[in-house]
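Fold and geometry: a report
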Amino acid sequence: MELGRLSEARGVPGREGAIRTLLAEALAPYAEEIRTDPMGNLYVGKGLGRPGPTLALFAHMDEVGFLVTGHDEDGRLCFRPTGGVDPRVVAGKPVWVGDDGPIPGVVALPPAHLTRGEERPVLRYEELRIDIGAESAAEAAAMAPLGSMVTFATPFAETETHVIGKAFDDRAGCHLAALAFTEPVAGPLWAVFTVQEETGLRGARVAARRLRPDAALVLEGTPAGDAADAVAGRELTRVGKGAALTVVDRTTLPHARLKAALVEAAERAAVPWQWRRGLGGGTDAGALWPEGIPAATVSLPCRYIHAPAAVAAKSDLEAIRRLVAAFLAMFPEVMRRVG
Amino acid sequence: MRAHELLHELTSVKAASGREEALRATLRRHADRLGVAMTVDRAGNVVLAPRRRGSGPRVAFVAHLDQVALWVKEVTDAGLVRFVAPAIDPRLLPGLVVEAGGHIGVVGFRPPHLTPEAERSKPAAVESLTVDFGLPPERVRTLVRPGDPLAFHVAPARLGAHRFLASGLDNRASVAAALLALELLGDEPTPAEVAVALTVEEEAGRHGAAYLARDLRPEVAVALDVTFGRAGPAAPGETVPLGTGPAIGLGANIPSGVAKLLREVAETTGVPYQWEVMPGDSGTDAWVVQHGGEGTATGTLSIPLRYMHSAGEVVDLRDVEATARLVAALMRLDEDRWREVL
């Protein structure tokens, strides 16, 4: 499943249907079993009758975005974030509004001429509006009812070396998990595409209990602070320096032996890798270990994550693809070590 | 042409101040389509002249071609692009998608996770932002050089029934209105010596209009530009509503005879209009055209526009069409009516 199609597809927490459909259709030719659950998680399995431990690859389908919360007298939309979006990246950006057949809009703020420099505080969500061209509250409500989903309107692009687009957190993980799933495997493998990671790892909690795999590998997009205004030693990850392996984050300590196996896999595959150095952020791995499922995370470093457009390196995507393939080949042996 | 189709075409062409050449090429095609003579003066201003009869006063409808942009300061060793952003609210910039030389880039910022809490309550300073093209440093250096513009990258789109979203609607909305007026005029010769004068470098200091005042030497000039469209609460007089016609300017830049003439023609033509009071500098080309030559009777017609100088400006298509109808009626105006304001 190409990253471009997944990036441009739209799905905020709880509205992941379009991504679920894309992934289910793309993986159907490779799958022995496809399931969903009441929350909307997608489970795609193969090699299920074979002996050996079961591995699950986890990636979340939801992206940060907004919901329409009101309509003002000028026909503009009030809105609030779903998942964490710094209000400083929202003003003036084009957006898509609506769950199906979205309509274009733009996040509005007063023109520069009418506000002087010293009067420019950070705008709060209460002050921001989305202009969809409606001329009254009633017309706005007809065009974009309360609760309508809003996402950034960013077309996917690629250069010789990098990819640029929205929602790489975590469509990059979806892309990589789908890619791994299409490769031949020795033992049982599930690709689990979760919902509502951005609202607290909520889909993964349910998926962990329903599936109970022997171990899980979480594939994520993670912040890279190596570009604009970078502070030496606080980059977290660096774009173009390879697959990022988590030391620790806000939700989990990676399972020590799985983590060691990932380093070994990176070295066997001869791909660049780096430690994700820092405490911030969290992944679905945080929902797995409390259920007794050993888990570790491999991340794609992304600049400007949780914003209209992220930048990531194609070489890092390739490094993760090869690292995951090497890890899959090692997995039964790794599990004997895990014991 | 339909207003939204013309706006789509005109806003798809980027024209930062002093870099209007691609837009001039687009205008050449429209001049041919409309059968009007097109000349380009030494400053780069485009003058479109419909056929005329008689020898009435020289009347120019002046609209600027250029748009605001980010300007490259330097390319860092890491291949990131530092820039300046004159006349742009820096709060709009983090995360914005821009373009240069067929490549898109992202205005990058330090992630909030890695920014101390105290700094997160302040807008990011322009100096802390860099454009990331996702290209190796050596490729970035061939793509942009210091002094090059970076344009906002936003897909033009219709909003709702009557509105239009694009970057550069300041002042492509007026350029569109002027072209639509020429289309409405058709083959009819004008009583006065009418020209549509499309100027360069308004956003950089109105340099094109200053040259025009001395070179074309209009006796009457009506600047076609945009003004602050109402969007949310504002004191009366700060903004004008969208969808109720162009705003006729009042103030030092507009001799009262010109304002009266514009109003009368709007009323006899049945074009909706509103007033806009500008006690001093109108902020349009009319200001420099008025005093830049031998003295010009100037007026302003402004299309209400929301979110000026942002990547996503919004106008009402009915205002663009109303402006076109009013300008077409002015093009047909008898020469004696123009002489009244001289």
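Preceding this section is the structure that the text describes.
In what follows, the accompanying structure is described. Please read these numbers as outputs of a predicted model, since none were measured by experiment.

1. A word on the overall build of chain B
Secondary structure assignment for chain B yields 10 helices and 17 strands. A globule of 342 residues ought to have a C-alpha radius of gyration of about 20 Å, and chain B, at 21 Å, matches this closely. Counting every position in chain B, which comprises 342 residues, the buried fraction comes to 61%. The contacts in chain B between residues at least 6 apart in sequence include a share of 77% that link residues at least 24 apart.

2. A few points about the overall build of chain A
Along its length, chain A carries eight helices and 17 strands. For 339 residues, the compact-globule estimate of 2.2 N^0.38 gives 20 Å, and the C-alpha radius of gyration of chain A, at 21 Å, lies within 12% of that figure. Taken along the three principal axes of its C-alpha coordinates, chain A extends 65 × 45 × 40 Å. The 339 residues of chain A split such that 61% are buried. Counting every atom, chain A has about 12,100 Å² of accessible surface; 52% of that belongs to carbon and sulfur. Taken together, the 37 basic and 42 acidic charged side chains of chain A have centroids lying 6 Å from each other.

3. Points about the nonpolar core
If you look at soluble globular proteins, the nonpolar side chains tend to sit buried side by side. All names here are of chain B. Judged by nonpolar contacts, the single largest core of 69 residues is most densely connected at L48 and F61. Among the elements that make up this core, the one with the highest residue count is helix α5 (residues 169–185) (11 residues). Those residues within four positions of L48 in sequence are excluded, and the remaining contacts are A31, V36, A37, M38, L179, L182, V194, A195, V196 and L198.

4. Points about unusual backbone geometry
Cis geometry is adopted by the peptide bond preceding D170 of chain A, which originates at D169 of chain A and carries an omega value of 15°. The omega angle of the peptide bond from D170 of chain B to N171 of chain B is 15°, so this bond is cis rather than trans. By the secondary structure assignment, N171 of chain B is in helix α5. If you check the backbone angles, A167 of chain A has positive phi at about 60° while not being a glycine. Note that A167 of chain A resides in the loop between β11 (162–165) and α4 (168–181). The phi dihedral of R217 of chain B falls on the positive side, at around 50°, and the residue is not glycine. Here R217 of chain B is to be found in the loop between α6 (207–215) and β13 (220–228).

5. With respect to the side chain of D225 of chain B
Residue and element names in this part refer to chain B. You can see D225 is positioned in strand β13. Although buried, D225 forms no salt bridge, and the nearest oppositely charged side chain, R206, lies 7.7 Å from it. With near-sequence residues (within four places) excluded, D225 lies in contact with H64, D170, N171, S174, E202, G283, T284, L301, S302 and I303.

6. Description of the packing of helix α7 (residues 256–269) of chain B against helix α9 (residues 317–331) of chain B
Residue and element names in this part refer to chain B. Orientation of α7 relative to α9, taken along the N-to-C sense of each, is 110°, at an axis distance of 10 Å. The orientation of α7 with respect to α9, classified from their angle, is roughly perpendicular. Every residue of α9 that contacts α7 at L262, V265, A266 and T269 is listed here: R325, L326, A329 and L330. Looking at the contact of α7 with α9 residue by residue, the classes come out as six nonpolar, one polar and one charged.

7. What about the sheet that holds strand β10 (residues 157–158) of chain A?
All names here are of chain A. Pairing in this open sheet of three strands is antiparallel, and the strands run β10-β11-β17 from one edge to the other. Both outer strands of the open sheet, β10 and β17 (310–313), are each paired with one neighbouring strand and no more. Of the pairings in the sheet, the one linking β10 to β11 comprises two bridges and is antiparallel in character. Bridge pairing in β11 places A157 opposite I164.

8. A look at the pattern of salt bridges
Under the definition given, this model contains 42 salt bridges over all chains. Through salt bridges with shared partners, a single ionic network connects E135 of chain A together with R163, D316 and R318 of chain B.

9. Digging into the packing of helix α1 (residues 3–12) of chain B against helix α2 (residues 21–34) of chain B
All names here are of chain B. Their axes nearest at 9 Å, the elements α1 and α2 cross at an angle of 145°. Facing α1, whose interface residues are L6, E9 and L10, α2 presents L23, T26, R29 and H30. Class assignment for the residues of the contact of α1 with α2 results in three nonpolar, two polar and two charged.

10. What about the packing of aromatic side chains?
Residues and elements named next belong to chain A. Overall, the coordinates contain nine aromatic pairs over all chains when judged by the stated rule. Taken together, the aromatic side chains of F66, F79, Y125 and F152 make up a single cluster linked through ring pairs. It is K46 that lies over the ring of F181; its NZ or CZ is 5.2 Å from the centre.

11. What to know about the interface of chain B and chain A
Contacts between the two partners involve 61 residues from chain B and, on the opposite side, 56 residues from chain A. Summing both partners gives a buried area of about 4,700 Å² for chain B against chain A, and 62% of it is carried by carbon and sulfur. Looking at the side of chain B facing chain A, the largest losses of area belong to R91, L114 and Y307 of chain B, adding up to 15% of the total buried there. We note a salt bridge from E160 of chain A to R139 of chain B, for which the minimum N-O separation is 2.6 Å. Our count for the contact surface shared by chain B and chain A stands at 19 residue pairs in polar contact (both at pLDDT 80 or more). Of all the secondary-structure elements, those providing two or more residues to the side of chain B that touches chain A are β7 (103–108), α3 (117–120), β8 (130–132), β10 (157–159) and β11 (163–166) of chain B.

12. Observations concerning the sheet that holds strand β15 (residues 273–276) of chain A
Hydrogen bonds along the backbone pair up the strands of a sheet, which may run parallel or antiparallel. Residue and element names in this part refer to chain A. Spatial ordering of the open sheet is given by β1-β2-β12-β3-β13-β16-β14-β15, a layout of eight strands whose pairing is mixed. Strands at the two margins of the open sheet, each flanked by one partner only, are β1 (33–36) and β15. Neighbour-to-neighbour, the strand axes of the sheet open up by a mean angle of 25°, direction not taken into account. The pairing of strand β14 (residues 243–246) with strand β16 (residues 295–302) spans two bridges and is classified as antiparallel. By the bridge assignment, A244 is partnered in β16 with S299. Here helix α2 (residues 17–27) sits on the sheet and contacts β1, β2 (42–46) and β12 (189–194); the angle it forms with β2, its principal contact strand, is near 10°. Strands in contact with helix α6 (residues 256–268) are β13 (215–223), β14, β15 and β16; relative to β16, the strand with the most contacts, it is inclined by about 50°.

Thresholds applied
Residues numbered from 1 in each chain as written. Chains lettered and ligands numbered in written order. Predicted model: local features only at pLDDT ≥ 70, side-chain atom pairs only at ≥ 80, totals over all residues. Heavy atoms only, no water. Helix = DSSP H or I, 4+ residues; strand = E, 2+ residues; numbered from the N terminus. Rg over C-alpha atoms; globule rule 2.2 N^0.38 Å. Buried < 20%, exposed > 50% of the residue type's maximum accessible area, 1.4 Å probe, protein only. Contact = heavy atoms within 4.5 Å. Areas by Shrake-Rupley, 256 points an atom, 1.4 Å probe, with all protein chains shown as cover. Lys, Arg positive; Asp, Glu negative; His and termini not counted. Charge placed at Lys NZ, Arg CZ, Asp CG, Glu CD. Core = buried A, V, L, I, M, F, W, Y, C linked by side-chain atoms within 4.5 Å. Salt bridge = Lys/Arg side-chain N within 4 Å of Asp/Glu carboxyl O. Axes fitted to C-alpha atoms, helices over the stretch in contact; angles between N-to-C directions. Parallel < 35°, antiparallel > 145°, perpendicular 65-115°, else oblique. Nonpolar A, V, L, I, M, F, W, Y, C, P; charged D, E, K, R; others polar. Pairing = 2+ DSSP bridges. Phe/Tyr/Trp six-rings, centres within 6.5 Å; stacked < 30°, edge-to-face > 60°. Lys NZ or Arg CZ within 6 Å of the ring centre and 35° of its normal. Buried area = accessible area lost by both parts, 1.4 Å probe. Polar contact = N/O pair within 3.5 Å; in protein donor to acceptor, adjacent residues only side chain to side chain.

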